[in-house]
Amino acid sequence: MALAVNLSRRSPQLCAFLRLCPCRPLSSTASRSSPLLVFSSHRIYSPTNSFLQASPFSSLSSAASDFETDSDEPCDPVDESDFVGFLQLLTQAKSLSSSRKEASAFLASASSVVPTRGLLCKALWELRDDCELALLAFRWAEECVGDCRWAWHLVIWIMGRQRRFDLAWHLVLKMHRQSVLSQRAMVIMMERYIAADEAKKAIKVFHVMEKFKVKADYAAFSALLHALCKNKYVEEAEELILVNRKYFPLTCESFNIVLGGWCKVICDLLEAKRVWREMSSYCVTPNGTSYSHMIWCFSKVGNLFDSLRWYDEMKKRGWTPDLTIYNSLIYVLTRESCLRDANNIFEKIIQAGLHPNVETYNSMILPLCETSKLEEARMVIEDMKVKGISPTIDTYHAFAKAEDTEGSMQLLKRMKDVDCGPNSLTFFLLLDKFFRLGDSGSALKVWTEMKRYNAIPDATHYMTIIEGLVKHGWIPKALEFYNEMKFKGFPADPKLEKFFMSFISAHKNHWGSRGKEFIYPLRGGHFTSTGKGSL
């Protein structure tokens, strides 16, 4: 039974928010599929040129988490045996108890492990995907971290990450009563609401900060704008800076946040140009960052002429190009097959007193791989190794999108040999690629390779392979994966459920077992089963 939390004593502030934010637990394995078919609308992985999507939203690229804090992480030493015992006790308490009170009593009576601040902080991070165990651990050892804001911030982030906003608000209220509530805690609430597609509630959090005696200053406002833009709520962020210009005067910094959203998150050049004109109408002078965003966007859409024109203009206005701008120029020049000019940019980088980094080389490798110039891309990767720059997993992912079946298998081995993956995203990229090419056999081979590399498939991988197999007519095989997905506890997909039920009903007496017998014809652009059971 899930552990309950007593929220009978609620302040007016909390009651008002809980009416807006009901308890809506969401499994961390919620089904978010690839864009291959029409079954689902969201996706977890985005196989884009991630190394061209750095600042100002770099936290998006973190594979582990987007947890950030303005307080120092505790570095108390932790005995490994104590840590294992700590986690085991928590698991036993949860499994043997039917309520929070029983679980707390069980932990209080345990004498094998004494909770400490170091143990709790390490356990919270380990349990970040299990909000119930994390909350139980926090309550057990709360006295050890009364003044440790890092622990409070982390547990609030964990609750918000699982959409348990009722529990997150309970913790915020507790921090308020103990006079340890920080601006960062409220910013985490805003960030998690926006990540959960609740942008309006995030804005309400900002407006209620003063009631909790937390400053709603420009730092908090800027954090809200950043969170909105990196989650594609750029229009809302732009509206906020205009509506609130009486309280937060329009500056180049605030416009740059919005401009970065249009350029680097959504990559809408028309909107970016409009915002540029808006800056002029409000007498806001663009700075080097503004030019960097625009040049990045021009390069991303392959507009070489405007990339170079804006580069020249920024230099005339006295702004010094940084490495990000040079990387953008290398990308667009390589993409437009101007390799000699792209190599000349390397010389400009050295002359400017800068040093090419892995992103610089990736900016050349990606467009080479996109245009299937794999030999040239391999020469670049060898050159960066000679110069002491190690490829990142993004470098290998560029090749993953371009290699054939044999090359993909060799790539996985190379990544393993240099201890740079492969990870879950690597296999998603390969599955997505082969299904787009109509090569279901290679996709199934990739799935088999996942086991060899100890990569555990999640809901995204299952939905990708199921939808891909259905799209290409391997419906019985897709049904096998669908049943396996449900058996492992991932949520069922209503449209797939209906489709497979229709298919089974239409083919009760002639199931295929392997090879071509798995394949059923596709007609009229829809998935069909000899005319029946189509979506």
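Small disclaimer: the values here were computed from a predicted structure and weren't measured.

## Let's talk about the overall build of the chain
Phase 1 of the analysis: Looking only at helices and strands, the chain features 26 helices and 0 strands.
Phase 2 of the analysis: When the 535 residues of the chain are sorted by exposure, 51% land in the buried category.
Phase 3 of the analysis: Long-range pairs, those at least 24 residues apart, make up 66% of the contacts in the chain with a sequence separation of at least 6.
Phase 4 of the analysis: Within the structure as shown, the chain displays about 25,500 Å² of accessible surface, and the carbon and sulfur contribution to it stands at 51%.

## Here we look at the nonpolar core
The nonpolar side chains of soluble globular proteins are, as a tendency, buried together.
Phase 1 of the analysis: The biggest cluster of nonpolar side chains holds 167 residues, and the ones touching the most others in it are Leu90, Ile156, Met159, Trp169, Met186, Ile466 and Phe500.
Phase 2 of the analysis: Among the elements that line this core, the one with the most residues is helix 6 (residues 149–161), at 9 residues.
Phase 3 of the analysis: What isoleucine 466 contacts, discounting residues up to four positions off in sequence, is Ala478, Phe481, Tyr482, Met485, Leu496 and Phe500.

## Let's talk about the state of the cysteines
Any covalent bond linking the sulfur atoms of two cysteines counts as a disulfide.
Phase 1 of the analysis: Within this structure, the stated rule accounts for 0 disulfides.
Phase 2 of the analysis: In this structure cysteine 144 is a free cysteine whose sulfur lies 9.3 Å from that of cysteine 121, the closest cysteine sulfur available.

## Describing the side chain of serine 408
Phase 1 of the analysis: Turning to its location among the elements, serine 408 is positioned in helix 21 (residues 405–417).
Phase 2 of the analysis: For serine 408, a relative accessible area of 0% puts it in the buried group.
Phase 3 of the analysis: Ignoring sequence-local partners within four residues, the contact set of serine 408 consists of Ala400, Glu403, Leu430, Lys433 and Phe434.

## A closer look at the UniProt feature "repeat: PPR" (unreviewed entry) in the chain
Phase 1 of the analysis: Within this structure's numbering, the places UniProt gives as "repeat: PPR" (unreviewed entry) are residues 287–321, 322–356, 357–391, 423–457 and 458–492.
Phase 2 of the analysis: Helix makes up 74% of residues 287–321 and strand 0%, whereas the separation of the span's terminal C-alpha atoms amounts to 11 Å.

## Re helix 21
Phase 1 of the analysis: With 13 residues, helix 21 extends 19 Å between its outermost C-alpha atoms, agreeing within 8% with the 18 Å of an ideal straight helix rising 1.5 Å per residue.
Phase 2 of the analysis: All of the buried residues along helix 21 are Gly407, Ser408, Met409, Leu411, Leu412 and Met415.
Phase 3 of the analysis: Here the buried face of helix 21 lies against helix 20 (393–400), helix 22 (424–436) and helix 23 (440–452).
Phase 4 of the analysis: The N-cap of helix 21, judged by a side-chain oxygen 3.4 Å from the amide nitrogen of glutamate 406 a few residues on, is aspartate 404.
Phase 5 of the analysis: Downstream of helix 21 by a residue or two, aspartate 419 has a phi angle that is positive, lying close to 55°.

## A closer look at the pattern of salt bridges
Phase 1 of the analysis: Enumeration over the complete set of coordinates arrives at 20 salt bridges.
Phase 2 of the analysis: Salt-bridge contacts for aspartate 166 lead to arginine 164; the nearest nitrogen and oxygen are separated by 3.4 Å. By the burial criterion, aspartate 166 is buried, and arginine 164 matches it.
Phase 3 of the analysis: A salt bridge links glutamate 449 to arginine 452, with the shortest nitrogen-to-oxygen separation between them at 3.0 Å. Of this pair, glutamate 449 and arginine 452 both sit in helix 23, separated by 3 residues, roughly a single helical turn.
Phase 4 of the analysis: Overlapping salt bridges, with partners in common, bring together Glu238, Glu271 and Arg274 in one network.

## Points about helix 26 (residues 494–506)
Phase 1 of the analysis: Along its 13 residues, helix 26 runs 19 Å from first to last C-alpha, staying within 8% of the 18 Å computed at 1.5 Å per residue.
Phase 2 of the analysis: Turning to helix 26, its buried residues are Leu496, Phe499, Phe500 and Phe503. End-on view of helix 26: buried residues confined to an arc of 95°, all on one side of the axis. Of the exposed residues in helix 26, those oriented more than 90 degrees away from the buried face are Pro494, Lys498 and Met501.
Phase 3 of the analysis: Contacts made by the buried residues of helix 26 are with helix 24 (459–471) and helix 25 (475–487).
Phase 4 of the analysis: The residue sitting at the N-terminus of helix 26 and contributing the capping side-chain oxygen is aspartate 493; that oxygen lies 3.0 Å from the backbone nitrogen of lysine 495.

## A few points about the packing of aromatic side chains
Phase 1 of the analysis: Inspection of the entire model under this criterion finds 23 aromatic pairs.
Phase 2 of the analysis: Ring centres of tryptophan 276 and tryptophan 310 lie 4.6 Å apart, and the angle between their planes is 70°; on these two criteria the pair is classed as edge-to-face. Taken as a pair, tryptophan 276 in helix 13 (residues 269–281) and tryptophan 310 in helix 15 (residues 304–316) lie far apart in primary sequence, 34 residues in all.
Phase 3 of the analysis: With a relative accessible area of 8%, tryptophan 310 lands in the buried category.
Phase 4 of the analysis: Relative to tyrosine 326, the ring of tyrosine 311 has its centre 6.2 Å away and its plane inclined at 65°; by these criteria the two rings are edge-to-face. Note that tyrosine 311 is positioned in helix 15 and tyrosine 326 in helix 16 (residues 323–335), a separation of 15 residues in sequence.

## Side note on the packing of helix 6 against helix 8 (residues 183–195)
Phase 1 of the analysis: Where helix 6 meets helix 8, the axes come as close as 9 Å, and the angle between the chain directions of the two elements is 15°. Taken together, the axis directions place helix 6 and helix 8 in an arrangement best described as roughly parallel. Pair helix 6 / helix 8 crosses with right-handed handedness. Residues His153, Ile156, Trp157, Gly160 and Arg161 of helix 6 touch helix 8, and the partners they reach there are Arg184, Ala185, Ile188, Met189 and Arg192.

## Some points on the environment of lysine 264
Phase 1 of the analysis: Considering the arrangement of structural elements, one finds lysine 264 in helix 12 (residues 252–266).
Phase 2 of the analysis: Taking the C-alpha atoms as reference, lysine 264 lies 9.5 Å from cysteine 229; in sequence the two are 35 residues apart.

## Some thoughts on the environment of serine 440
Phase 1 of the analysis: Looking at the element boundaries, serine 440 is found in helix 23.
Phase 2 of the analysis: With near-sequence residues (within four places) excluded, serine 440 lies in contact with Phe435, Leu469, His472 and Trp474.

## A word on unusual backbone geometry
Phase 1 of the analysis: Look at the link from glycine 421 to proline 422: it is a cis peptide, with omega at -5°.
Phase 2 of the analysis: With respect to the helices, strands and loops of the structure, proline 422 is situated in the loop between helix 21 and helix 22.
Phase 3 of the analysis: Look at arginine 163: it is not a glycine, yet its phi comes out positive at around 65°.
Phase 4 of the analysis: Locating arginine 163 in the fold gives a position in the loop between helix 6 and helix 7 (165–177).
Phase 5 of the analysis: Look at arginine 163 and you get buried, because its relative accessible area is 19%.
Phase 6 of the analysis: Although it is not a glycine, serine 372 sits at a positive phi angle of roughly 65°.

Definitions and limits used
- Residues numbered from 1 in each chain as written.
- Predicted model: local features only at pLDDT ≥ 70, side-chain atom pairs only at ≥ 80, totals over all residues.
- Heavy atoms only, no water.
- Helix = DSSP H or I, 4+ residues; strand = E, 2+ residues; numbered from the N terminus.
- Buried < 20%, exposed > 50% of the residue type's maximum accessible area, 1.4 Å probe, protein only.
- Contact = heavy atoms within 4.5 Å.
- Areas by Shrake-Rupley, 256 points an atom, 1.4 Å probe, with all protein chains shown as cover.
- Core = buried A, V, L, I, M, F, W, Y, C linked by side-chain atoms within 4.5 Å.
- Disulfide = S-S within 2.5 Å.
- UniProt positions renumbered as here; feature names shortened; annotations may be inferred.
- Expected span 1.5 Å × (residues − 1).
- Polar contact = N/O pair within 3.5 Å; in protein donor to acceptor, adjacent residues only side chain to side chain.
- Salt bridge = Lys/Arg side-chain N within 4 Å of Asp/Glu carboxyl O.
- Arc of directions from axis to C-beta.
- Phe/Tyr/Trp six-rings, centres within 6.5 Å; stacked < 30°, edge-to-face > 60°.
- Axes fitted to C-alpha atoms, helices over the stretch in contact; angles between N-to-C directions.
- Parallel < 35°, antiparallel > 145°, perpendicular 65-115°, else oblique.
- Left-handed = near helix turned anticlockwise from the far one by under 90°.

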